[in-house]
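Here is what each chain is made of, one letter per residue.
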Amino acid sequence: MGDHYTVECCDFIHAHEELVARVRQEMPGEDTLYDLTELFRIFGDSTRVRILYVLFEAEMCVCDIAQLLGMTQSAISHQLRALKNVRLVKARREGKTVFYALADDHVKTIINQGLEHVRE
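These numbers come from a predicted model, not from an experiment.

Enquirer: I'd like a description of the environment of Y100, backed by residues and values.
Expert: In this fold, Y100 is placed in strand β3 (residues 97–102). Considered as a pair, Y100 and V89 are 11 residues apart in the sequence and their alpha carbons are 6.6 Å apart. Those residues within four positions of Y100 in sequence are excluded, and the remaining contacts are L55, A58, E59, M60, V62, L80, K84, K90 and A91.

In structure tokens form, the structure reads like this:
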């Protein structure tokens, strides 16, 4: 059925010009779409997702995240840099300790919606 629909749709190449023009006008620019791709790419790594979930629950320092996830501090620091580069996490210094947290409520929403989707 999918192939049949595709063939029928292709027979009407000019039938949806207004729709194509409207969507083209609403499309974000290439730079924005690239940034969105990079954001979603970050979620493609289970370690980064685990770190985000930890920070969803509580602000933590690198050593606590490493202990919780059974990883080295170096590995956690590396992933936190990637998460900071796309503005998913933020850092706060308290004396010699740096604490990490989710950058804002948008990140919490992304995680909540992702969890809701996979639990359906």
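Enquirer: Go over the sheet that holds β3 with me, naming the residues and quoting the values.
Expert: Taking strand neighbours across the sheet as the criterion, the 3 strands line up as β1-β3-β2 in an open arrangement whose pairing is antiparallel. Here the strands that pair on one side only, and so sit at the sheet edges, are β1 (60–61) and β2 (89–94). Sitting on the sheet, helix α6 (residues 73–85) is in contact with β2 and β3, with an inclination near 115° to β2.

Enquirer: Give me the confidence of the model for the chain: which residues, what numbers.
Expert: A residue-level look at the chain finds 88% of positions with pLDDT of 70 or above and a mean pLDDT of 89. Note on residues 1–7: pLDDT is under 50 here. Beyond four places in sequence and across chains, it has 0 contacts.

Enquirer: Explain the environment of L52 to me, and be specific about the residues and the numbers.
Expert: Checked against the element boundaries, L52 lands in helix α4 (residues 46–57). On a C-alpha basis, the gap between L52 and L80 in space is 9.2 Å, while along the polypeptide they are 28 residues apart. Sequence-distant contacts of L52, that is, excluding residues within four places in its chain, are made with F43, L83, L88, V89, L102, V107 and I111.

Enquirer: Any details on the pairing of β3? Residues and values, ideally.
Expert: In terms of residue burial, β3 counts as a mostly covered element, since 5 of its 6 residues are buried. Of the strand pairs in this sheet, β1 and β3 are connected by 2 bridges, and their pairing is antiparallel. Across the sheet, C61 pairs through a bridge with F99, a residue of β3. Sheet topology note: the β2/β3 ladder contains 6 bridges and is antiparallel. Within the sheet, the bridge partner assigned to A91 lies in β3 and is Y100. Linking two consecutive strands that pair antiparallel, namely β2 and β3, is a turn of 2 residues; a positive phi of about 65° is found at G95 within it.

Scoring rules and cut-offs
Residues numbered from 1 in each chain as written. Predicted model: local features only at pLDDT ≥ 70, side-chain atom pairs only at ≥ 80, totals over all residues. Heavy atoms only, no water. Helix = DSSP H or I, 4+ residues; strand = E, 2+ residues; numbered from the N terminus. Contact = heavy atoms within 4.5 Å. Pairing = 2+ DSSP bridges. Axes fitted to C-alpha atoms, helices over the stretch in contact; angles between N-to-C directions. pLDDT = per-residue confidence, 0-100. Buried < 20%, exposed > 50% of the residue type's maximum accessible area, 1.4 Å probe, protein only.

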